[in-house]
Amino acid sequence: MVTDGKGETRDFSMPNDKLDDILGLAVDAAGARLYAVSTNGFEESAKKERRNAVVGYDLRRGHLLDRFAAPEALQLNDLGDCAGWHALRDRFRRRYPFSQEAGGKNTHPLR
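Starting afresh in each chain, residues are numbered from 1 along the sequence in its written order. Under the rules for a predicted model, residues below a pLDDT of 70 receive no local features and side-chain atom pairs below 80 are neither given nor counted, while totals for whole chains, interfaces and linings still include all residues. Only heavy atoms go into the side-chain values, all of them from the structure, while hydrogens and water stay out.

Asks: Lay out the pairing of strand β5 (residues 52-58) in plain terms, naming residues and giving numbers.
Replies: Consecutive side chains of a regular strand alternate in pointing toward one face of the sheet and then the other. Of all seven residues making up β5, seven are buried, and the element is well covered by its neighbours. Burial classes follow relative accessibility: with a 1.4 Å probe on protein chains only, a residue under 20% of its type's maximum area counts as buried, one over 50% as exposed, and anything between as partly exposed. For helices the rule is a DSSP run of H or I covering at least 4 residues; for strands it is a run of E covering at least 2, with both sets numbered from the N terminus onward. The two faces of β5 match: Asn52, Val54, Gly56 and Asp58 on one face and Ala53, Val55 and Tyr57 on the other face are all buried. Two strands qualify as a pair provided DSSP detects at least 2 bridges between them. Sheet topology places β5 next to strand β6 (residues 63-69); six bridges connect them, and they run antiparallel. When the bridges of β6 are listed, Asp58 appears paired with His63. Remark: four residues form the turn of the hairpin made by β5 and β6, two consecutive strands paired antiparallel; Gly62 in that turn has positive phi of roughly 75°.

Pasting the structure below:
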């Protein structure tokens, strides 16, 4: 949910964003981006299909911009930001780094 200056609320994400539970958030104020960790890692459904991803939203428009899957993770938890470099951690504290280039225009996983 988001609230505008008049106190009106609306959904921030849409059903077609295909989000699972959100366990971590990070805001890139300079790039007007919101990054969120989406996971089903602790749900029963993860036994059949594990879904872990970082999703990136445009804060000005509220639109989903990017989705970065981490299928090898058991359950992503944390999302940290340090000068444009992001790192994810799963519940076993394994790191899954990814970077953001030039003002938030291109984000990609580090391999």
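Asks: Give a description of the nonpolar core that names residues and reports values.
Replies: As used here, the term nonpolar core means buried Ala, Val, Leu, Ile, Met, Phe, Trp, Tyr and Cys residues forming a set that is joined through side-chain atoms within 4.5 Å. With five residues, the main nonpolar core is built from Phe12, Leu34, Ala36, Val55 and Tyr57. Where this core is concerned, the elements lending two or more residues are β4 (33-39) and β5. For this analysis, residues touch if any pair of their heavy atoms sits within 4.5 Å. Sequence-distant contacts of Tyr57, that is, excluding residues within four places in its chain, are made with Phe12, Ser13, Asp17, Leu19, Ala32, Arg33, Leu34, Gly62, His63, Leu64 and Leu65.

Asks: Can you explain the packing of aromatic side chains? Please cite residues and give values.
Replies: Put simply, two rings from Phe, Tyr or Trp (the six-membered ring, in Trp's case) pair if the centres are within 6.5 Å, and we call them stacked under 30 degrees between planes, edge-to-face over 60, tilted for the rest. The tally for this structure, following the rule as stated, stands at one aromatic pair. Measuring from centroid to centroid gives 5.0 Å for Phe12 and Tyr57, while their planes differ by 55°, and the two rings are tilted. With Phe12 in the loop between β2 (9-10) and β3 (21-28) and Tyr57 in strand β5, this residue pair connects regions lying 45 residues apart in the sequence.

Asks: Provide a residue-level description of the sheet that holds β6, including the pertinent values.
Replies: A sheet is described by the order of its strands in space; here four strands give the open sequence β3-β4-β5-β6, paired in antiparallel fashion. Among the strands making up the open sheet, the edge pair consists of β3 and β6. Each adjacent strand pair in this sheet contributes to an overall mean axis angle of 20°, direction not counted. Taken together, the seven bridges between β4 and β5 define a ladder with antiparallel strand orientation. Pairing of Ser38 across the sheet is with Ala53, part of β5. Helix axes use the C-alpha atoms of the stretch in contact, all axes being lines fitted to C-alpha atoms, and the angles between their N-to-C directions lie in the range 0 to 180 degrees.

Asks: Please provide a residue-by-residue account of the environment of Asp11, values included.
Replies: Here Asp11 shows up in the loop between β2 and β3. A relative accessible area of 48% means that Asp11 is categorised as partly exposed. When the C-alpha positions of Asp11 and Met1 are compared, they lie 4.4 Å apart, and in sequence the two are 10 residues distant.

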